[in-house]
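Structural description and commentary
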Amino acid sequence: MKPLQDITIIDLTRILSGPYCTMYFADLGANVIKIEPPTGDDTRTWGPPFIESESAYFLSVNRNKKSMVLNLKLEEDKNILRKLIQSADVVVENFRPGTMEKLGFGFDQLKTLNPSIIFASISGFGQTGRYRNEPGYDLIAQGMGGFMSVTGEINGPPLKGGYSLADIGAGMWAIIGILTAIHRRQTNPEAQWIDASLLETIISWQTYLAGNYFATGEDPQPLGSAHPNICPYQAFSAKDGHFNLAIGNDKIWLRACEAMEEPTLATDERFKTNPERVVHRNELVSIMEKKFKNNTVSFWVELFRKYGIPVGPINQLSQILNDPYVKERELVKEISHSLCGNIQMISSPLHFTFGENESFNQIMYAPPQLGEHNEFILKQILENK
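Notes on the structure follow. (Residues numbered from 1 in each chain as written. Predicted model: local features only at pLDDT ≥ 70, side-chain atom pairs only at ≥ 80, totals over all residues. Heavy atoms only, no water.)

So, about the pattern of salt bridges. Enumeration over the complete set of coordinates arrives at 13 salt bridges. In this structure, the salt-bridge partner of aspartate 11 is lysine 65, at a minimum N-O distance of 3.6 Å. Linking aspartate 11 in strand β1 (residues 8-11) with lysine 65 in the loop between α2 (56-60) and β5 (66-69), this pair joins segments that are 54 residues apart in sequence. Each member of the pair, aspartate 11 together with lysine 65, is buried. Among the ionic pairs, aspartate 27 bridges to arginine 63, the shortest N-O distance being 2.8 Å. Here the residue aspartate 27 occupies a position in helix α1 (residues 17-27), and arginine 63 occupies one in the loop between α2 and β5, the gap between them amounting to 36 residues. Three or more residues are tied together by salt bridges with common partners; here these are Glu36, Arg44 and Glu54. (Salt bridge = Lys/Arg side-chain N within 4 Å of Asp/Glu carboxyl O. Helix = DSSP H or I, 4+ residues; strand = E, 2+ residues; numbered from the N terminus. Buried < 20%, exposed > 50% of the residue type's maximum accessible area, 1.4 Å probe, protein only.)

Next comes the structure, spelled out in structure tokens:
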């Protein structure tokens, strides 16, 4: 039994935010039908790298789905989509606002086809507001939302995150919205429209940075890996690399001083409490950096862990994906693909226990080839007439 196997989702999305959203529904057993234009999802051509003829990018967010090619410029294909929507639970799209209406599949039209449909729209700036018609990309949202203004080194240029935070975050907000709508439908079956945007995703994540701004009226500044309200809470250099140290309270600080064999730091009035450590951040970090340069990353990580202090190495992706932890948590799975052979994928980070003997594999099917399930889906439509 799959938790969401009674849910059918019509997936009109492409690239990242929407496919990421629908993939996790597919992982949980939902019947996700990915509708692609004749040229396919844009990311089918994004590369290199490719595995055989398949884009590694496309493969990463489209498992467990069925692919159907429809040309929505043709009335015949629009009729097929209408029939699919009539028996679906959810429609997800990430076009620019207004596109679905022009195609004849706006919210009002969907309500007519299916009075209890859940419609989720993911866009750069949302369905309303002055920016709604602007093209939205992850980079633009990271910049406009304030993320890049606090990311990077002190006095350095603004930097984006190392991967597409706004896209993935908006996809996750859409997941939350759809699950909320599915729950609400149990008591109120009317149609619902979920509006998630990349820009609001970035703004909503500002949390304590926004709180600091509301309290002081001052813009937060980039601090490298450091934290504006906690110290020491940042990356440090060792003899052979870097590691993160997170001193979240004064008790942890005392244990850290003991681990470092630096009792004078614990009694120094500049460093006794977190507020004082934040004020005297530069002096403290300079002292600690000199100390840490004398030994290796593994030495410091093992030492601080021995004292119960939050610490961790700064890994390359190859290091963490080959860490025994990842194997123990079964986070990397291998699946057979008809063109690519065996491919590896990062599994869902969700782990479920439904009962002593009830579990399920969240990766069932490889990402589909373009239009792979056309005949299968058309046959289902005919059988349901």
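Okay, back to it.
Moving on: the packing of aromatic side chains. Summed over the entire model, instances satisfying the criterion amount to 15 aromatic pairs. Geometrically, the ring pair formed by phenylalanine 243 and phenylalanine 304 is tilted, given 6.5 Å between the ring centres and 35 degrees between the ring planes. Taken as a pair, phenylalanine 243 in strand β10 (residues 242-246) and phenylalanine 304 in helix α14 (residues 297-306) lie far apart in primary sequence, 61 residues in all. In this structure, phenylalanine 243 and phenylalanine 304 share a single accessibility class: buried. (Phe/Tyr/Trp six-rings, centres within 6.5 Å; stacked < 30°, edge-to-face > 60°.)

Turning our attention to the state of the cysteines. The tally for this structure, following the rule as stated, stands at zero disulfides. Among the cysteines around cysteine 231, which has no disulfide bond, cysteine 257 carries the closest sulfur, lying 11 Å off. Residue cysteine 231 is classed as buried on the basis of its relative accessible area of 0%. (Disulfide = S-S within 2.5 Å.)

Time to look at the side chain of serine 67. By secondary structure assignment, the location of serine 67 is in strand β5. One polar contact links the side chain of serine 67 to the main-chain amide nitrogen of glycine 371, over a distance of 2.9 Å. With residues up to four places along the chain from it excluded, the contact list for serine 67 reads Lys34, Glu36, Arg44, Pro368, Gln369, Leu370, Gly371, Glu372, His373 and Asn374. (Polar contact = N/O pair within 3.5 Å; in protein donor to acceptor, adjacent residues only side chain to side chain. Contact = heavy atoms within 4.5 Å.)

What follows covers the sheet that holds β10. If you walk across this open sheet you meet the three strands as β9-β10-β11, and the pairing is antiparallel. Whereas interior strands pair on both sides, the edge strands pair on one side only; in this sheet they are β9 (233-237) and β11 (311-313). Pairs of neighbouring strands in the sheet enclose a mean axial angle of 25 degrees, with direction left out of account. One ladder, built from three bridges, connects β10 with β11; its direction is antiparallel. Paired with phenylalanine 243 across the bridge in β11 is proline 313. Contacts from α14 reach β10 and β11 within the one sheet, and its direction differs from that of β11 by about 155 degrees. (Pairing = 2+ DSSP bridges. Axes fitted to C-alpha atoms, helices over the stretch in contact; angles between N-to-C directions.)

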